[in-house]
Amino acid sequence: MDTQGSLWEVFVQKKTGQPFVHCGSLHAFDKEMALQNARDLYARRGEGNALWVVLASEIVASTPEDIGAFFDPSNDKVYRHPTFYEVPDGIKHI
Amino acid sequence: MKQGTLFKYLLRLGDTALINTQRLSEWTGHGPFLEEDLALTNIALDNLGRANALLNYAGTVEGKGRTEDDLAFHRDERDFYNILLVELPNGDYANTLTKQFLLSAYEEILYRKLSTSADPVLAGIAKKSVKELTYHVRHTSSWLKRFGNGTDESRAKAQTSLNELWRYTGELFEQNDVDAELIQKNIATELHTIKSEWEKVVLEAITECGLEVPSNAFMQRGSREGKHTEHLGFMLAEMQFLPRAYPDAKW
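Just so it is clear, the model here is predicted, and its values are computed rather than measured. (Residues numbered from 1 in each chain as written. Chains lettered and ligands numbered in written order. Predicted model: local features only at pLDDT ≥ 70, side-chain atom pairs only at ≥ 80, totals over all residues.)

Visitor: Is there a simple way to explain the overall build of chain A in this structure?
Guide: Scanning chain A from N- to C-terminus turns up two helices and three strands. Each helix and strand of chain A, placed in order from N terminus to C terminus, yields the pattern β-β-α-β-α. The C-alpha atoms of chain A give a radius of gyration of 19 Å, which is well past the 12 Å a tight globule of 94 residues would have. C-alpha extents for chain A along the principal axes are approximately 55 × 40 × 15 Å. Out of the 94 residues belonging to chain A, those deemed buried represent 12%. The contacts in chain A between residues at least 6 apart in sequence include a share of 40% that link residues at least 24 apart. (Helix = DSSP H or I, 4+ residues; strand = E, 2+ residues; numbered from the N terminus. Rg over C-alpha atoms; globule rule 2.2 N^0.38 Å. Buried ≥ 20, exposed ≤ 12 C-beta atoms within 10 Å, placed from the backbone. Contact = placed C-beta atoms within 7 Å.)

Next up, the structure:
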């Protein structure tokens, strides 16, 4: 019998406007508890300003078998990568 | 201002936070599951920070060179002014959380009012505490809802705790001449006004959880004079053992 609750993945946002970054997971029985637990586990040392919690079962992920079909085609096509534009100094978070 | 009035008031606040921390810490490593173990010990740490700040200020106000450690570890029972509610044993999880809810709901209102105290140091400590206490109320009340609306067993346990703890809530609002003097100087706050706000918050939460407000009118008291339950002595013996046994020890 599972007495831990469901598995949730936690994402934290360091500053407003920046992307949410995965920082760990936790078990909880409902949304409210999941959010409170995320605050207690992952917001202890000033990690950021916002939290997302997502049921792990809701996450759709690619599999290792997909690496070839999903990611290889773009790797050897240099014209697809935006590396020829030089970002001027002082511009952050493009 | 009479010698020692503010000192006594700060001790009441600081000791309450300190003894609450000590009790909550007993759950370290024994929580029902990992996330909850961390949540409760986090609450304990918040209260430790507040105890530290308040006792540090108390030592300054007293002017005899006592630090927060001297006050925490080298005073006897009769010199502690914490409210009785925080020295009661933890019991089961429902009991601990019901106790913490009654306390946090009270402290959230109290420290919110103290944020406008005429004493700037006390106001500063209070402002910081309100942010922590808002979360404590949220966490404990959501657990109370789970206990009350959960199974028959959980509801019964929560109701038993509420019945047993209720007689310790009268003391929260007791005022004496320390309060009177400080209220006149706008340093402390009226506890009668806090009482009605607290009753509203607690009644709403209790009925939302399918529980009943206990009906006994008798209220236990004594901490304003340093008179405590039988539990404080044992807690202090454990808490103060090391500094008293090795007075020259340094971290």
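Visitor: Please explain the sheet that holds strand β2 (residues 20-28) of chain A as it appears in this structure.
Guide: Strand pairing in a sheet takes place through backbone hydrogen bonds and is either antiparallel or parallel in direction. Residues and elements named next belong to chain A. As summarised here, the arrangement of the three strands in space is β2-β1-β3, forming an open sheet in which the pairing is antiparallel. Edge strands, defined here as strands with exactly one partner in the open sheet, are β2 and β3 (50-55). For this sheet, the mean angle separating the axes of adjacent strands, direction not counted, is 30 degrees. In terms of strand pairing, strand β1 (residues 6-13) meets β2 through eight bridges, oriented antiparallel. The residue bridging Val-12 from the neighbouring strand is Val-21, located in β2. (Pairing = 2+ DSSP bridges. Axes fitted to C-alpha atoms, helices over the stretch in contact; angles between N-to-C directions.)

Visitor: I keep staring at helix α6 (residues 152-165) of chain B and nothing clicks. Help me out?
Guide: All names here are of chain B. Helix length check: α6 (14 residues) gives 20 Å between terminal C-alpha atoms against 20 Å at 1.5 Å per residue, within 8%. Residues of α6 that are buried: Ala-158, Gln-159, Ser-161 and Leu-162. Take α6 and look down its axis: the buried residues cluster within an arc of 160 degrees, on one side only. For α6, the exposed residues set more than 90 degrees away from the buried face come down to Asp-152 and Glu-153. Among the structural elements, α4 (93-114) and α5 (120-148) are those in contact with the buried residues of α6. (Expected span 1.5 Å × (residues − 1). Arc of directions from axis to C-beta.)

Visitor: Which parts of the structure should I look at to understand the environment of B:Glu153?
Guide: By the secondary structure assignment, B:Glu153 is in helix α6. The sequence separation of B:Glu153 and B:Gly233 amounts to 80 residues, and the corresponding C-alpha distance is 33 Å.

Visitor: Please explain the interface of chain B and chain A as it appears in this structure.
Guide: By a widely used convention, the size of an interface equals the accessible area lost when the partners come together. Contacts between chain B and chain A engage seven residues on the former and ten residues on the latter. Within the residue set of the side of chain B that touches chain A, elements represented by two or more residues are α2 (34-62) and α5 of chain B. Per element, the largest residue contribution to the side of chain B that touches chain A is four residues, and it comes from α2(B). The residue makeup of the side of chain B that touches chain A, split by class, is three nonpolar, three polar and one charged. (Nonpolar A, V, L, I, M, F, W, Y, C, P; charged D, E, K, R; others polar.)

Visitor: In this structure, what is going on with the nonpolar core? I would like to understand it.
Guide: A general tendency of soluble globular proteins is for nonpolar side chains to be buried together. Grouped together as the largest cluster of nonpolar side chains are 60 residues, with contacts concentrated most on B:Leu10, B:Leu54, B:Ala58, B:Tyr106 and B:Leu144. Not counting chain neighbours up to four residues away, the residues in contact with B:Leu144 comprise B:Leu97, B:Thr98, B:Phe101, B:Ala158, B:Ala205 and B:Cys209. Formed by eight residues, the second largest nonpolar core is a distinct cluster that contains A:Ala28, A:Met33, A:Ala34 and A:Ala38. (Core = buried A, V, L, I, M, F, W, Y, C linked by C-beta atoms within 7 Å.)

Visitor: Help me understand the environment of B:Asn95, please; the structure alone is not making it clear to me.
Guide: Residue and element names in this part refer to chain B. You can see Asn-95 is positioned in helix α4. For Asn-95, a count of 19 C-beta atoms within 10 Å corresponds to the partly exposed category. Between the alpha carbons of Asn-95 and Ser-142 there is a distance of 14 Å; along the sequence they are 47 residues apart.

Visitor: I keep staring at helix α1 (residues 5-25) of chain B and nothing clicks. Help me out?
Guide: An α-helical segment advances 3.6 residues per turn. Residues three or four places apart therefore align on the same side. For α1(B), which comprises 21 residues, the first-to-last C-alpha distance of 30 Å matches the rise-based estimate of 30 Å (1.5 Å per residue) to within 8%. Burial within α1(B) is extensive, with 19 of its 21 residues counted as buried.

Visitor: How should I be thinking about the pairing of β1(A) in this particular structure?
Guide: Within a regular strand, the side chains alternate between the two sheet faces. Residue and element names in this part refer to chain A. Between β1 and the antiparallel strand that follows it, β2, lie six residues; Gly-17 among them carries a positive phi value of about 100 degrees. In this sheet, β3 lies alongside β1 in antiparallel orientation, the contact comprising six bridges. Each bridged residue has a counterpart across the sheet, and for Val-12 the counterpart in β3 is Leu-51.

Visitor: Just checking my understanding: could you explain the confidence of the model for chain B for this structure?
Guide: Do not read the fine detail of predicted coordinates wherever pLDDT is low. In the predicted model, chain B carries a mean pLDDT of 93, and 98% of its residues have values of at least 70. Two summary scores accompany this predicted model of the complex, namely pTM at 0.88 and ipTM at 0.78. (pLDDT = per-residue confidence, 0-100.)

Visitor: Explain the environment of B:Gly124 to me, please; I cannot follow it from the model alone.
Guide: All names here are of chain B. Tracing the backbone shows Gly-124 in helix α5. Using a count of 14 C-beta atoms within 10 Å as the deciding quantity, one classes Gly-124 as partly exposed. In this structure the C-alpha to C-alpha distance between Gly-124 and Gly-148, which are 24 residues apart in sequence, comes to 36 Å.

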